[in-house]
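If you want the building blocks of each chain, they are given just below.
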There are 2 protein chains.
Amino acid sequence: MQAPDETMLERMENLLKIAGDFTRLKILYAIMDGEKSVGEIQEEAGVSQSLASHQLRVLKEANLLSMRKEGKKVYYVLADNHVRDLLEVVYNHVSEENL
Amino acid sequence: MQAPDETMLERMENLLKIAGDFTRLKILYAIMDGEKSVGEIQEEAGVSQSLASHQLRVLKEANLLSMRKEGKKVYYVLADNHVRDLLEVVYNHVSEENL
DNA sequence: GTTAAATATGAACAAATTTTCATTTAATGC
DNA sequence: GCATTAAATGAAAATTTGTTCATATTTAAC
């Protein structure tokens, strides 16, 4: 098999790096079922306001999330189903691990 | 959807972190088609002997690789097809990105 | 037992990342 | 306008990570 070119590998690296963080994983799962406000996300993920906001920005910049403002609140959603697929594959892998 | 428990999330984090590195991605693709010796891997991935060895250990400890010794040489292979699946999903995601 | 080849290891350094804390901006209601 | 709520931001501290360099181990050949 031919390995992806450097640019592709870099993008893959970036996506994996961004998904590969405990806080961000919790955030992603918090909005699996649909959009949530920052406040709801921080509560469900159990992280501080600032941390939620910082990591939401990271996820957004990586195009894993999109957002919408309504009044004082900001709502985030998964950008598409790739994220869901990725997390599913990863979940399946680790649940079949025999440790 | 119910988020995976903390232990699962940690394992997922770990797998994603380990896959999310340029050098390690190159190594993984180097052995996509079958086992290779460390020497072949370092050449194909274009990294130093020491770096190849260090990262092979990381991949091995994460159970992404298994190895076999034969004479002076050590051969590494992908541990299973999950790795392939994961990289495929990630590749598909990034190739559909509109940047 | 020496030498050479292949791989592994440990320590040190540089760089990147995650988190916290304090502050700021934006939107609303009074 | 002022106060309040929600979210974002910036800088600093804390931690983790990736890489290199030098050295060690292992195996085989002589």
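Up top is the structure.
Residues numbered from 1 in each chain as written. Chains lettered and ligands numbered in written order. Predicted model: local features only at pLDDT ≥ 70, side-chain atom pairs only at ≥ 80, totals over all residues. Heavy atoms only, no water.

**Considerations on the packing of helix α2 (residues 22–30) of chain B against helix α5 (residues 81–95) of chain B**
All names here are of chain B. Going by this rule: Each axis is a line fitted through C-alpha atoms, taken for helices only over the stretch in contact, and angles between the N-to-C directions span 0 to 180 degrees. Working definition: helices are DSSP H or I runs of at least four residues, strands are E runs of at least two. Numbering for both runs from the N terminus. With respect to orientation, any angle under 35 degrees is reported as roughly parallel, any angle over 145 as roughly antiparallel, any angle of 65 to 115 as roughly perpendicular, and every other angle as oblique. Two helices cross in a left-handed way if the nearer one is turned anticlockwise from the farther one by less than a right angle. They cross in a right-handed way if the turn is clockwise. Whether two residues touch is decided by their heavy atoms; if any such pair falls within 4.5 Å, the residues are in contact. By the convention adopted, Pro, Cys, Tyr, Trp, Phe, Met, Ile, Leu, Val and Ala count as nonpolar, Lys, Arg, Asp and Glu as charged, and the other residues, Gly among them, as polar.
Orientation of α2 relative to α5, taken along the N-to-C sense of each, is 120°, at an axis distance of 12 Å. With respect to α5, the axis of α2 lies oblique. With respect to the hand of their crossing, α2 and α5 are arranged in left-handed fashion. Contact residues: α2 offers Leu25, Leu28 and Tyr29, while α5 offers Val83, Leu87 and Tyr91. Taken together, the residues of the contact of α2 with α5 sort by class into six nonpolar, no polar and no charged.

**Describing the protein's contact with DNA strand D**
Short version of the rule: Any residue with a heavy atom lying within 4 Å of a molecule or strand is counted as near it. Polar contacts, as used here, are pairs of N or O atoms within 3.5 Å; protein pairs need one atom able to donate a hydrogen and one able to accept it. Residues neighboring in sequence count only if both atoms are side-chain atoms.
Neighbouring DNA strand D are 23 residues, the closest being A:Gly39, A:His54, A:Tyr76, B:Arg24 and B:Ser50. Within 4 Å of the protein, atoms of DNA strand D come from sugar and phosphate in 62% of cases. A:Ser50 has a polar side-chain atom sitting 2.8 Å from a base oxygen of DNA strand D. B:Ser50 is positioned such that a nitrogen or oxygen atom in its side chain is 2.5 Å from a base nitrogen of DNA strand D. Every element with two or more residues in the surface near DNA strand D is listed here: α3 (38–45), α4 (49–61) and β3 (73–78) of chain A together with α2 and α4 (49–61) of chain B.

So far we have only geometry, and geometry alone does not tell us how the molecule works.
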